[in-house]
Amino acid sequence: MIEVHIVKVGMADLNVASDGASLKTTGLGSCVGLTLYDPSRMIAGMAHIMLPSSEIAREGQLNLAKYADTAIPELLRRLLELGADKRRLIAKLAGGAQMFAFAGGSDSLRIGPRNVESSKLTLAAMGIPIASEDTGGNFGRTVELNSQTGILSIRSVQHGVKEI
Amino acid sequence: MELFNHDPDFKMDVLREVGNIGAGHAATALSRLLDKPVDMAVPTVNFVPFEMIADRVGGSEEVVIAIFLRVDGECPGNMFFLMSKPQASRLLLVLLGFEAAESDKYSEMELSALCEIGNILAGSYLSSLADLTGLSMSPSVPSIAVDMAGAILSYGLLQFGTMGDDALLIDTTFLKGEQEAEGHFFFIPDPQSFERMFVSLGVPIE
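So, how was this worked out
- Residues numbered from 1 in each chain as written.
- Chains lettered and ligands numbered in written order.
- Predicted model: local features only at pLDDT ≥ 70, side-chain atom pairs only at ≥ 80, totals over all residues.
- Heavy atoms only, no water.
- Axes fitted to C-alpha atoms, helices over the stretch in contact; angles between N-to-C directions.
- Helix = DSSP H or I, 4+ residues; strand = E, 2+ residues; numbered from the N terminus.
- Parallel < 35°, antiparallel > 145°, perpendicular 65-115°, else oblique.
- Contact = heavy atoms within 4.5 Å.
- Nonpolar A, V, L, I, M, F, W, Y, C, P; charged D, E, K, R; others polar.
- Buried area = accessible area lost by both parts, 1.4 Å probe.
- Salt bridge = Lys/Arg side-chain N within 4 Å of Asp/Glu carboxyl O.
- Polar contact = N/O pair within 3.5 Å; in protein donor to acceptor, adjacent residues only side chain to side chain.
- Buried < 20%, exposed > 50% of the residue type's maximum accessible area, 1.4 Å probe, protein only.
- Core = buried A, V, L, I, M, F, W, Y, C linked by side-chain atoms within 4.5 Å.
- UniProt positions renumbered as here; feature names shortened; annotations may be inferred.

(A) Here's a closer look at the packing of helix H1 (residues 8–34) of chain B against helix H2 (residues 85–96) of chain B. Residues and elements named next belong to chain B. Interaxial distance between H1 and H2 falls to 9 Å at its minimum, and their mutual angle equals 55°. By the angle class used here, H1 and H2 are oblique. Residues Leu30, Leu33 and Leu34 of H1 touch H2, and the partners they reach there are Leu91, Val94 and Leu95. Tallied by class, the residues present in the contact of H1 with H2 amount to 6 nonpolar, no polar and no charged.

(B) Here's a closer look at the interface of chain B and chain A. Chain B puts 31 residues into the contact, and the matching count from chain A is 36 residues. Roughly 2600 Å² of surface becomes buried between chain B and chain A when both sides are summed, with 60% attributable to carbon and sulfur atoms. Of all residues in chain B, Tyr155(B), Leu158(B) and Thr162(B) give up the largest surface area on contact with chain A, accounting jointly for 26% of the area buried on that side. Remark: the boundary between chain B and chain A carries 4 salt bridges. Across the pair Arg155(A) and Glu61(B) runs a salt bridge whose closest N-O atoms are separated by 2.6 Å. Remark: the boundary between chain B and chain A carries 11 residue pairs in polar contact (both at pLDDT 80 or more).

(C) Examining the pattern of salt bridges more closely. All names here are of chain A. A full pass over the atoms with the stated rule returns 17 salt bridges over all chains. The partner of Asp134 in a salt bridge is Arg141, with the nearest N and O atoms 3.1 Å apart. Pair check on accessibility: Asp134 and Arg141 agree, each one buried.

(D) Highlighting the nonpolar core. Core analysis: the largest hydrophobic core is formed by 97 residues, its most contacted members being Phe80(B) and Phe174(B). Filtering out sequence-adjacent residues up to four positions away, Phe80(B) remains in contact with Phe100(A), Ile67(B), Phe68(B), Ile152(B), Leu153(B), Tyr155(B), Gly156(B), His184(B), Phe185(B), Phe186(B) and Ile188(B). The next biggest cluster of nonpolar side chains, apart from the first, holds 23 residues, and it includes Val32(A), Leu76(A), Ala84(A) and Ala91(A).

(E) Spotlight on the UniProt feature "domain: CheC-like protein" (unreviewed entry) in chain B. All names here are of chain B. Within this structure's numbering, the places UniProt gives as "domain: CheC-like protein" (unreviewed entry) are residues 12–46 and 109–144. Helix makes up 66% of residues 12–46 and strand 17%, and the two end C-alpha atoms of the span are 7 Å apart. The span residues 109–144 carries 69% helix and 14% strand; its end-to-end C-alpha distance comes to 12 Å.

This is the structure we're talking about:
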């Protein structure tokens, strides 16, 4: 068995991989795991997006990986540096769950769906197509993207492993 | 946070005491429910990077049972009561005589019972804080989830998310008898709550 090198992506973090390495992020709840992949160059990128828009940021030094509208352009920049071709890139999304349901909950409790929405809008504006997604629901996910195959495998406690 | 630039040690001590009082009341409530002594560790209060918050309960992918209450009012924040599966099974057995289910699935009745236990404990934690500070704190209806710790806890970090990459966490561990760490209270007040708490407790801000 070939050992696959795994690059970990933390919360509000992003990273890129190639040469058969995998990208992995754990415990996605309302956060969105967004991946971009160039199939012919086998270059992959992943972002663990926490919040929908950098407009609400109040931090001094902006963490680009945290917000959907800044993480995706930054991820694209990193992929292009590695030699990816923007025209070939395809996106996959997972996460954006609503972990706790409350009747009449405030806006922050809908953060999962809003993260997904904002990620899709940003992708559309950049002209990157979405190949597949596994979003929503009320459960956590751990996702791993293989840069060899472009397959995104999604593990959850209740539903086992799923590949998209 | 700028609030902690001046005399941070003293302010952290105050928050530790806040956690101590809150969790102390909750421990008493749990002890009454179980009719058994319940000990607790000294609370830890610090800024924890988002990435490391789930490490306190065994890592991001560790499956935990969490009861979550959103606190509104003058001192808003997020409140979690977290326990491991063995602990949840013990609670169900002792309190209700339910034998632990063989599979990982909990029945609706079991989840409802655990949710109510979490509600009682979190309620006593919060009401003692409200008494102490004189600030209104109204918890939401409790909600329960059995899932990865990382996925659950990231929910409590959103208010801090816009400000930086770490959150101020008041963490108290329950210990029951000789058994090791059993339950965690995570209280994550919203960033703006700290100043109000300090003012009402007479802690000099500047």
